[in-house]
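# Descriptive analysis of the structure
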Amino acid sequence: MIVRADFDEYYVKDLNEYNNTIQTLVNEHSEIYFRGVNQARFNLAPSISRNKVANFSVEKEETLFNAFRRRIALYKSETFREYTSTKAQIDIETLAIAQHHGLKTRLLDWSTNPLSSLWFACEEPKALKPDSYCIVWVLIAPTDEKVRNLFFKTGEEITDSLFTLDETFIYVPNIVNPRIKNQSGLFSVHHYDTTLKKHVPLDENEKFFPHKFNAKPNFLPDRNWDLIKILINRELYGKDILKNLRRFDVHEETIYPSLERAGSRLNFDFDSGLVL
């Protein structure tokens, strides 16, 4: 089959153009989600499948998760929740916490907040040779509610092990962590394809985007998901966009609520000449 990677693209250079683009999309689509990435070349693969270790296996992935789970009791105040649910629900909520604290997982962050996603896109990358461009991915849900609901799961609806999934789904988490709350977060949970030997990136998922895997595409907005790319030259416009986001109270401290992040945000304001 032919994979067509021609998702629509928008180019913006400031917060005003970005907001106008978002408003256009909101007017055209009833349900959309956002993901900001500070390097445009990255696809929609979860962190567990990036820079994969030698001889990777799902068993090793589960071992990593279990190691995190054994340590979470030490930092109970960060979870803001007593676990009283089924094992499957406990696992997905713990995995969401792990994702938001930097552990490599099969989860990919999405948000209902386009401004926090723009902040993630424009933040300074840690790579030695980063892309000039950053990107905000826009995920558009199908309008048919029955079809849309086939792709969504809450913690209560998850009954099987996360490490034996045979399809990707969208997970709407309980608010078990302040970062999930502040980032208006939800996740795509990616299955591992034993033939491809990888967790399938969302932009390569045929079930979500069948019209991209066909030489004669037939896009049906009521039944198909879609993706749109919003691209920004971060080298030219990133710092100004971050300054303007600060005026809307979108900054490091609100994205990652902690005293350390408060100090980092105040340093940014001080260096940028903003009023403290």
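This section reports on the structure supplied with the text.

### What to know about the side chain of Asn-38
- By secondary structure assignment, the location of Asn-38 is in the loop between strand 2 (32–37) and helix 2 (58–71).
- Those residues in contact with Asn-38, other than ones at most four positions away along the chain, are Phe-120, Ala-121, Glu-123, Glu-124, Pro-125, Tyr-133, Cys-134 and Arg-234.

### Side note on the packing of helix 1 (residues 15–28) against helix 4 (residues 114–122)
- Contact pair helix 1 / helix 4: the axes reach a minimum separation of 11 Å and the direction vectors enclose 135 degrees. In terms of their interaxial angle, helix 1 and helix 4 are classed as oblique. Along this stretch, helix 1 crosses helix 4, giving a crossing that reads as right-handed. Counting all contacts with helix 1, which are made through Leu-15, Tyr-18, Asn-19 and Ile-22, the residues of helix 4 involved are Pro-114, Leu-115 and Leu-118.
- Grouping the amino acids of the contact of helix 1 with helix 4 by side-chain chemistry returns 6 nonpolar, 1 polar and no charged.

### A word on the nonpolar core
- In this structure, Tyr-18, Leu-118, Trp-119, Val-136, Val-138, Ile-230 and Leu-245 are the most contacted members of the largest nonpolar core, which totals 26 residues.
- Contributing elements (two or more residues each) for this core: helix 1, strand 2, helix 4, strand 4 (133–140), strand 10 (226–233) and helix 7 (234–246).
- Apart from residues lying up to four places away in sequence, Val-138 is in contact with Leu-25, Ile-32, Tyr-33, Phe-34, Asp-226, Leu-227, Ile-228 and Ile-230.

### Comments concerning helix 4
- Counting buried positions along helix 4 yields 9 of 9 residues, so the element is predominantly enclosed.
- By the burial criterion, the buried members of helix 4 are Pro-114, Leu-115, Ser-116, Ser-117, Leu-118, Trp-119, Phe-120, Ala-121 and Cys-122.
- For helix 4, the side-chain oxygen to backbone nitrogen distance between the N-cap and Leu-115 is 2.9 Å, and the N-cap itself is Asn-113.

### Let's talk about the packing of aromatic side chains
- Under the definition given, this model contains 12 aromatic pairs.
- Ring geometry for Phe-151 against Trp-225: centres 5.6 Å apart, planes inclined by 75 degrees, an arrangement best described as edge-to-face. Within this pair, whereas Phe-151 is found in the loop between helix 5 (145–149) and strand 5 (152–154), its partner Trp-225 is found in the loop between strand 9 (198–199) and strand 10, the two being separated by 74 residues in sequence. For the pair shown, Phe-151 and Trp-225 are each scored as buried.
- Clustering of aromatic rings is evident, with ring pairs tying together Phe-7, Tyr-33, Phe-151, Phe-152, Phe-208, Phe-209 and Trp-225.
- Between the NZ or CZ atom of Lys-153 and the centre of the ring of Phe-169, over which it lies, the distance is 4.8 Å.
- It is Lys-207 that lies over the ring of Phe-151; its NZ or CZ is 5.4 Å from the centre.

### Considerations on the state of the cysteines
- Taken as a whole and assessed by the stated rule, the structure comprises 0 disulfides.
- Cys-122 takes part in no disulfide bond, and the closest cysteine sulfur, belonging to Cys-134, lies 4.2 Å away.

Parameters and conventions
Residues numbered from 1 in each chain as written. Predicted model: local features only at pLDDT ≥ 70, side-chain atom pairs only at ≥ 80, totals over all residues. Heavy atoms only, no water. Helix = DSSP H or I, 4+ residues; strand = E, 2+ residues; numbered from the N terminus. Contact = heavy atoms within 4.5 Å. Axes fitted to C-alpha atoms, helices over the stretch in contact; angles between N-to-C directions. Parallel < 35°, antiparallel > 145°, perpendicular 65-115°, else oblique. Left-handed = near helix turned anticlockwise from the far one by under 90°. Nonpolar A, V, L, I, M, F, W, Y, C, P; charged D, E, K, R; others polar. Core = buried A, V, L, I, M, F, W, Y, C linked by side-chain atoms within 4.5 Å. Buried < 20%, exposed > 50% of the residue type's maximum accessible area, 1.4 Å probe, protein only. Polar contact = N/O pair within 3.5 Å; in protein donor to acceptor, adjacent residues only side chain to side chain. Phe/Tyr/Trp six-rings, centres within 6.5 Å; stacked < 30°, edge-to-face > 60°. Lys NZ or Arg CZ within 6 Å of the ring centre and 35° of its normal. Disulfide = S-S within 2.5 Å.

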